[in-house]
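# Results of the structural survey
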Amino acid sequence: MRIDLVTLFPAIFDGYLTQSLLDKAIERQLVSIHRHDLRDWVAEVPHRKVDDRPFGGGPGMLIQVEPTVRCIRDVDQLADPARKILLTPQGQRLDQRMAENLATSERLMLLCGRYEGFDQRVLDIVQPEEISVGDFVLNGGEVAAMIIIDAVVRLLPGVLGDENSSLDDSFSRGNRLLEFPQYTRPRSFEGHDVPDVLLSGDHAAIAAWRSDMSRKRTLERRRDLIDDNENN
Ligand code: SAM
């Protein structure tokens, strides 16, 4: 997969892209991530100003249409056409199903807003998919883009050690419920013991226990997931 980031703050991604799973996935060429500084598409070199006041008044600044559209078109030309995603609190809310769907794409272009966001004509002309990471407002799309990258890259074949290890994760295509509780050594700590069944070596019994616990936990915490499963 190839991911292109369009941002006013490319350096925000420095630490994130050089750590842990992401770093390894990039090194193993399972994903390539390319950052593009929107200011490079601004004509007036001394100021490199991309924002301006909204027509009609009101607080804050908007990212201008002209450099943004030119940037998106130029970046798109760098490889096969990208699936364009604009990060906005007004978009469809990200969930695991969406992440799984995004993970099947060859190329994503993530458009990170700042200030009050983009001039509406960016959306009208480019017609990107609009994705929100939740019902709250961030300062910019960069953290939202990192959330998408994080959720998507771990689903790419070869990124996690075990191909099936994401199947049982909460919300995932294994059963769309919350994951069961898990334990590691020691067997007993301050009077809290690991459930006997997990030490039994009986794989069928362990699978049945995990399935029961997953359903129980989901019923207690996220009944809506069970209702969704029954309707899908
Ligand atoms: N004025 C915009 C509104 O009310 O819809 C919010 C602008 S926000 C301060 C600046 C940028 O942060 C947005 O353009 C978007 O790229 C990003 N952003 C903020 N909240 C987000 C969210 N929940 N999901 C995705 N992106 C978000």
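In what follows, the structure referred to is the one given above.
Anyway, here's the lowdown on the structure attached to this text. (Residues numbered from 1 in each chain as written. Predicted model: local features only at pLDDT ≥ 70, side-chain atom pairs only at ≥ 80, totals over all residues. Heavy atoms only, no water.)

### Section: the overall build of the protein
Assigned secondary structure in the protein consists of 8 helices and 9 strands. Principal-axis analysis of the C-alpha atoms gives the protein an extent of 70 × 40 × 35 Å. When the 232 residues of the protein are sorted by exposure, 42% land in the buried category. Summarising the internal contacts of the protein: among those between residues at least 6 apart in sequence, 73% fall at separations of at least 24. Element-wise, carbon and sulfur atoms account for 48% of the exposed surface of the protein, whose accessible area totals about 13900 Å². Side-chain charges in the protein split into 29 positive and 39 negative, and the spacing between the mean points of these groups amounts to 1 Å. (Helix = DSSP H or I, 4+ residues; strand = E, 2+ residues; numbered from the N terminus. Buried < 20%, exposed > 50% of the residue type's maximum accessible area, 1.4 Å probe, protein only. Contact = heavy atoms within 4.5 Å. Areas by Shrake-Rupley, 256 points an atom, 1.4 Å probe, with all protein chains shown as cover. Lys, Arg positive; Asp, Glu negative; His and termini not counted. Charge placed at Lys NZ, Arg CZ, Asp CG, Glu CD.)

### Section: the nonpolar core
Within the largest apolar cluster, 31 residues are counted, with the highest numbers of intra-cluster contacts made by Ile3, Val31, Ile33, Leu110, Ile148, Ile149 and Val153. Of the residues forming this core, the biggest block, 7 residues, is contributed by helix H6 (residues 141-153). With 20 residues, the next largest nonpolar core counts Val6, Val50, Cys71 and Phe118 among its residues. (Core = buried A, V, L, I, M, F, W, Y, C linked by side-chain atoms within 4.5 Å.)

### As for the packing of helix H7 (residues 203-221) against helix H8 (residues 223-231)
Across the interface, H7 lies against H8 with an axial gap of 5 Å and an inter-helix angle of 110°. Judged by the inter-axis angle, H7 sits roughly perpendicular to H8. In this structure, H7 uses Arg215, Thr218, Leu219 and Arg221 to contact H8, whose residues at the interface are Arg223, Leu225, Ile226 and Glu230. (Axes fitted to C-alpha atoms, helices over the stretch in contact; angles between N-to-C directions. Parallel < 35°, antiparallel > 145°, perpendicular 65-115°, else oblique.)

### Focus: the state of the cysteines
Scanning the model with the defined rule gives 0 disulfides in all. You can see Cys112 has no disulfide; the closest cysteine sulfur is in Cys71, sitting 11 Å from it. The exposure class assigned to Cys112 is buried, which follows from its relative accessible area of 1%. (Disulfide = S-S within 2.5 Å.)

### Comments concerning the packing of aromatic side chains
Two aromatic rings are characterised by how far apart their centres lie and by the angle between their planes. With the rule as written, the count across this model stands at 0 aromatic pairs. A cation sits over an aromatic face here: Arg39 above Phe9, 5.6 Å from the ring centre. (Phe/Tyr/Trp six-rings, centres within 6.5 Å; stacked < 30°, edge-to-face > 60°. Lys NZ or Arg CZ within 6 Å of the ring centre and 35° of its normal.)

### Comments concerning the site of the ligand
Near the ligand there are 20 residues, and of these Leu87, Gln90, Gly113, Phe136 and Leu138 occur at the shortest range. Between Gly134 and the ligand, the recorded distance is 3.0 Å, taken from a backbone N or O atom to a nitrogen atom. For the shell around the ligand, the secondary-structure elements that each account for two or more residues are strand E5 (83-93), strand E7 (129-132) and H6. Take the shell around the ligand: its biggest share by element is 4 residues, from E5. In terms of residue class, the shell around the ligand is built from 9 nonpolar, 9 polar and 2 charged. (Near = heavy atom within 4 Å. Polar contact = N/O pair within 3.5 Å; in protein donor to acceptor, adjacent residues only side chain to side chain. Nonpolar A, V, L, I, M, F, W, Y, C, P; charged D, E, K, R; others polar.)

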